[in-house]
Amino acid sequence: MKALEGTRVLDLSRFQSGPVCGMLLGDMGAEVIRIEELEGAPDRTWGLLGPDGETLSYKIVGRSRKAVTLNLNADEGKKIFRQLVKKADVVLQNYTPGAPFTDQLDYDRLKKINRGIIVAAISGFGQNGPDKQLVCFDHVAQARSGGMLLTGFPGDPPLKTTITSNDIISGLFAAMGIITALYQREKTGKGQFIDVALFDTAFFCTQLMGALLLYAVYGEIRKQVGNLGFHSYIGIFETSDGQWVLLSGTTNNIWKRLTRVIGRGDMADNPKFNKNDMVRFDTAKEIDVVIREWASKRTAQEILKTLQSVRVPCSIVNTIDKVIDDAQAKARDMVQYVKYPELGELPLPGFPFKMSLTPGAIASRAPRIGEHNEEIYCGLLGFSKKKLLRLSTKGVI
């Protein structure tokens, strides 16, 4: 049995943040019903397309769901949506406030239909504030939160990260909020509204690094730090066999182990380097010269073996063809193969955390447009097949 079995989620989200949330809930056993336009949602055909004409990333975040089509602009479509709300536990959406149909998703409206409903809304800037109606994607939040000025090398233009962490973490926050609200509902019988913003997520993550405190305490506006840590020594070095290795000299104990194992015990005891992480951050260029010379004379595997023997954090900089065969990834079930029509088996990322009693797992492949119309409308709402055909003919489903 999975932890969220018996929980029904109506998922009106698109692209990444909301779908990540729905994916996790589905992997944990919730019945997640994706509601989309008759022609399919736009996130099926954006970005990197597969041979079947559908976005490859949808194969990942669209998994562990059922899919129905519904015209939410039609009066009869709105009525059907309200019927679904009566039978749901959660409504998940990531529309920009003020966008079409958002009035129909208002929590105060929906809780009149279902007292226990939980509504989770993910947006760029949240449900209040002067910029709540601005369109926002992950990289916009990166820019506005100040995070983009921390990425890249000193003197370079601002640089966004390729991994859309703000989208992904916002999806995680929404999932955490939903699970917390479900727990609270067990005590009170009441649902609640959950408001998640990409900007809040980006701001939170940037400030967790200490950027705001650094400015408040020392008056420093920190910008790009390259491959250093925000306040510690980290380096990436080319090896004699043309590969790249990352290593960390963070904390005094690790610094001592690192310098001694590379034959530079003098640096372990030198106050110029051994006082704390801040002094090593400030003297990083000098440290780089020493470690670069040491690494350039050794293969990647020699470096890893040497550093790991004394518990210095390090890793080869992997390419994706190596990651898919990584023994640790296999041991953690982080690559799982799911069969898709016309495409065969595709590698998907496994469930990201492990639970001993109720483990999460991929429940099903990402569904096709309207694949579960009959199951949901006839099975859940009790429509006849004749009514289903009529609604389809009228352009309602």
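It should be noted that the structure appears before, not after, this text.
Since the structure is predicted, the reported quantities are computational estimates derived from the model, not experimental observations. (Residues numbered from 1 in each chain as written. Predicted model: local features only at pLDDT ≥ 70, side-chain atom pairs only at ≥ 80, totals over all residues. Heavy atoms only, no water.)

Trainee: Tell me what's going on with the packing of aromatic side chains, and back it up with residues and numbers.
Mentor: The full count for this structure, using the stated rule, is 10 aromatic pairs. These aromatic residues form a ring-pair network of at least three members: Phe 15, Trp 46 and Phe 137. Residue placement shows Arg 222 over the ring face of Phe 281; its charged tip is 4.2 Å from the ring centre. Its guanidinium or amino end placed over the ring of Phe 383, Lys 387 lies 3.9 Å from that ring's centre, counting from NZ or CZ. (Phe/Tyr/Trp six-rings, centres within 6.5 Å; stacked < 30°, edge-to-face > 60°. Lys NZ or Arg CZ within 6 Å of the ring centre and 35° of its normal.)

Trainee: Please set out the pairing of strand β4 (residues 90-93) residue by residue, giving values where relevant.
Mentor: Residue alternation in β4 divides its side chains into two sets, Val 90 and Leu 92 and Val 91 and Gln 93, and both sets are buried. Where strand β1 (residues 8-11) and β4 come together, 3 bridges link them in parallel fashion. Counted as the bridge partner of Asp 11 is Leu 92 from β4. In this fold, β4 hands off to helix α4 (residues 107-113), which returns the chain to strand β5 (residues 118-123); that crossover is right-handed. (Buried < 20%, exposed > 50% of the residue type's maximum accessible area, 1.4 Å probe, protein only. Helix = DSSP H or I, 4+ residues; strand = E, 2+ residues; numbered from the N terminus. Pairing = 2+ DSSP bridges. Right-handed = clockwise from strand over helix to strand, strands pointing away.)

Trainee: Let's hear about the packing of helix α6 (residues 165-188) against helix α7 (residues 198-208): which residues, and what values?
Mentor: Between α6 and α7, whose axes approach to 9 Å, the crossing angle comes to 105°. With respect to α7, the element α6 is oriented roughly perpendicular. Where α6 abuts α7, its residues Asn 166, Asp 167, Ile 169, Ser 170 and Phe 173 lie against Leu 198, Thr 201, Ala 202, Phe 204 and Cys 205. For the contact of α6 with α7, the class distribution of residues is 6 nonpolar, 3 polar and 1 charged. (Axes fitted to C-alpha atoms, helices over the stretch in contact; angles between N-to-C directions. Parallel < 35°, antiparallel > 145°, perpendicular 65-115°, else oblique. Contact = heavy atoms within 4.5 Å. Nonpolar A, V, L, I, M, F, W, Y, C, P; charged D, E, K, R; others polar.)

Function cannot be read off these values alone, since they describe shape.
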